[in-house]
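Spelled out from the first residue to the last, the chains are:
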Amino acid sequence: MAKALHQRPLPLVALSTGFVILWVLLAAFPFVWTAWGSFKVEADFFSRTDWMNAIFGPKTLQQTGGTFTGDAYEAAWIQQGFWKAVLNTSIVVVAVVTISLTFGTLGGYALARSGFRYTFWLLIAALIFRAMPHVTLVSGYLLPFFEMNIWGYLPTTIIVLVAINQPFTLWMLHSFFMTIPKDLDESALVDGCTRFQAFRLAVIPVMWPGVVTTGLFSFLLAYNDFTVTSMLLTQENQTMVPKIASFLGSTQQEGKVMLAVSAAVSAMAPLFVLVMVFQRQIVSGLTAGAVKG
Amino acid sequence: MPHRTFLAFIWPSLLAMVLFIAIPILSVGYQSLFVEHPQMMTEVESCGPFGCKTERRVDAAAMSELRAESPMGRYNGMGTYTNPSHLAFDEVGAAWRGSESFGQFLRLVMNLPFYKALFFTLAYTFIVTPLVIVLGFCIAIAVNTVSARLKGPVIFFSLLPMIVTPLIGALVLFWMIDARGVIGATLQQVFNDPQLSLKASPTLTWVTLFVYGVWHSAPFAFVVFYAGLQTVPQDTLESAMVDGASRWERIRFVTIPYLMPLATFIALMQLMDNFRVFEPIIGFSAEANATSLSYLIYSDLRSGDFPLFGSAAASSILTIGGVVILLTPVLIRTWREFKRKG
């Protein structure tokens, strides 16, 4: 019977396979195309005459002597100082992930283990906070930050991103800690541990899968953020995404758009590696909220 | 867990949220009651080779002194909310009295910046969200039928549009639809119209942004539905088959009802995320034809040499109001469930 359930007529298989292939093309082609084109000169990547130019690169051959060129990368990374933005992004991302996981595990654990009614209200408040458009919060930060003279520095941005990240982190880790049996830490309490010792000795060793998954999403939030980083950082402290946006704003002339293309491809690359390595965790994280409510 | 221990565990997280989410919301509310100082003018006599003339200039020194004294600006009450770039009561009233048909009235109102942005934001939210759910469901059903070996790579590629930085994702598509990019140039050839540009017409810009939105979020719906499909009870499917249900009927009457809670979850997440649509407008340079509420706030904060805090704050409060209205049904439902359980 189970076999009959999974038997499908040939046209249906063909149709669904075709649909899947179409979707994969739609999802992946833009990235492959841009990554390939970033090694060409602008006249090829933006070719009015023939789109095949972007593949074979005749103008690239003419201008640089090879069909592939790293000129755009060199110009962006070295001359325009994109390396500094990469460094800033690394600092911000590492700090945000570490701090928000530390705060989040403690808070999520408390929310999962406390039986009082206010935990419900805290979670609801977190849900509302999660829905706030980030730019509305930024418009609340700017003036006080100017006044306190803390605008423009990386630590300010880091703590803001941690705070914006907290509602989501709390929800996710709360639902994760709900799946860890209460008996585990309660038996530690019976054995004479304090609550914190129970957390450290009994819960921390088994919480890593949930922490890794949550950490991935904290990473993505910090890495992908444009609103906060573009408004709260000075030019020198800019991270990658606002830097790419600034390539666009000031330099729409010939040759300059390739700076943005190569920088965008550079910023995409780590994300691809991330998906490749952590595909399973990302999928389980996306569904965690749905399945566990 | 006693209150004391609970507090000991949660205070760092709580402090961060209070300081950087709750207080900024209050601060935005307070700022929205103020407006920038008026420009202080001075008479400046400038003498050139063709004689002297007096000019009126902005007195920069006096302005900066005034700003240092009261950085919030001057008190304006609800004035910012009702001015032409926000709720524009006077203009809406004039449009109501002055227009002959409802269509004309709507057109006039749509030209006001706030209503224009509100309309786009709502259109984006309520068009993209259902399309994401439908497309995600179709992909999940289709992927579920392909051979198991292909599933890993398919999921890998599917995740890309969602994982990639929204601004970069928008830029990648923007470069492709450029008149000189691969899709833009192909479209011009297909329609044999060298003037065709997806950026020039408002309608096409909107469509482009919607397509981007669906492309960006469909993977999320797909992954959630796909995980849900793995848990659809096989017994029910089998008994439906014994009862003679066709393939479509099995999807319609077993799978879809089973996945309904997941659809609600996706809808909630998508409504929240789509309502704050912002990065694609920057990425597609679409601000001439499409602005969202978030974009309005951003452009106020970016305007000229001094940010328009009052105006941005008023737009923020109105946006937060929108979010609350959007979330109310969810909150009411959660509250009822909670009461029932408690």
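Provided above is the structure to which this section pertains.
Along each chain, numbering runs from 1 in the same order as the chain's sequence is written. Both sets of labels track the order of writing: A upward for chains, 1 upward for ligands. Only residues with pLDDT of at least 70 are given local features in this predicted model, and only at 80 or more are side-chain atom pairs given and counted; all residues enter the totals for whole chains, interfaces and linings. Only hydrogens and water are set aside; all other atoms, that is, all heavy atoms of the structure, feed into the side-chain values.

A.B. asks: What is the right way to read the packing of aromatic side chains from this model?
C.D. replies: To describe a pair of aromatic rings, you give the distance between the ring centres and the angle between the ring planes. Only the six-membered ring of Trp is used, alongside the rings of Phe and Tyr, when aromatic pairs are assigned; centres must lie within 6.5 Å, and planes under 30 degrees apart are stacked while those over 60 apart are edge-to-face, with the rest tilted. For the structure on display, the rule yields 49 aromatic pairs over all chains. Taking 5.6 Å as the distance between ring centres and 40° as the angle between the ring planes, the aromatic pair formed by Phe29 of chain A and Trp33 of chain A counts as tilted. Highlighted residues: Phe29 of chain A and Trp33 of chain A, both in helix H2 (residues 10-37), separated by 4 residues, approximately one helical turn. Here the term buried applies to any residue with accessible area under 20% of the maximum for its type, exposed to any over 50%, and partly exposed to those in between, with areas from a 1.4 Å probe on protein chains only. Relative accessible area serves as the criterion here: at 8%, Trp33 of chain A is assigned to the buried category. On the numbers, 6.1 Å between centres and 90° between planes, the contact of Phe174 of chain B with Phe284 of chain B is edge-to-face. Of this pair, Phe174 of chain B sits in helix H8 (residues 166-177) while Phe284 of chain B sits in the loop between helix H13 (279-283) and helix H14 (293-301); the two residues are 110 residues apart in sequence, bridging distant segments of the chain. Taking the relative accessible area as the measure of exposure, Phe174 of chain B reaches 9% and is therefore buried. The exposure class assigned to Phe284 of chain B is buried, which follows from its relative accessible area of 6%. Every member of this aromatic cluster is reached through a ring pair, and the members are Phe31 and Phe272 of chain A together with Phe174, Tyr212, Trp215 and Phe284 of chain B. By the criteria applied, helices consist of DSSP H or I runs no shorter than four residues and strands consist of E runs no shorter than two, each listed in order from the N terminus.

A.B. asks: What is the right way to read the nonpolar core from this model?
C.D. replies: Soluble globular proteins: nonpolar side chains tend toward being buried together. Within this scheme, the nonpolar core is defined by two criteria: the residues are buried Ala, Val, Leu, Ile, Met, Phe, Trp, Tyr or Cys, and they are joined through side-chain atoms within 4.5 Å. Of all hydrophobic cores here, the largest spans 186 residues; its most connected members are Tyr141 and Phe177 of chain A together with Phe120, Leu159, Trp175, Phe225 and Phe284 of chain B. Tallying contributions element by element places helix H16 (residues 257-292) of chain A first for this core, with 16 residues. The criterion used for residue contact is that any of the two residues' heavy atoms lie within 4.5 Å. In contact with Phe177 of chain A, other than residues within four places in its own chain, are Thr105, Gly108, Tyr109, Ala112, Arg113, Phe199, Val203 and Met207 of chain A.

A.B. asks: Any chance you could explain helix H9 (residues 134-148) of chain A here in plain terms?
C.D. replies: A turn of α-helix holds 3.6 residues, and therefore any two residues three or four places apart point the same way. All names here are of chain A. If you check H9, its first and last C-alpha atoms are 21 Å apart, about what 15 residues at 1.5 Å a residue would give, namely 21 Å. Each residue is assigned a bend, namely the angle between axes fitted to the seven residues that terminate at it and the seven residues that start at it. The axis of H9 is deflected most strongly, by about 30°, at Tyr141, and proline Pro144 appears within four residues downstream. With 11 of 15 residues buried, H9 lies mostly within the body of the structure. Along H9, the residues that are buried comprise His134, Val135, Thr136, Leu137, Val138, Ser139, Gly140, Tyr141, Leu142, Leu143 and Phe145. Within two residues after H9, Asn149 carries a phi angle of roughly 65°, on the positive side. Here the expected span of a helix is defined as 1.5 Å times the quantity of residues minus one.

Function-wise, these values are silent; they only describe arrangement.
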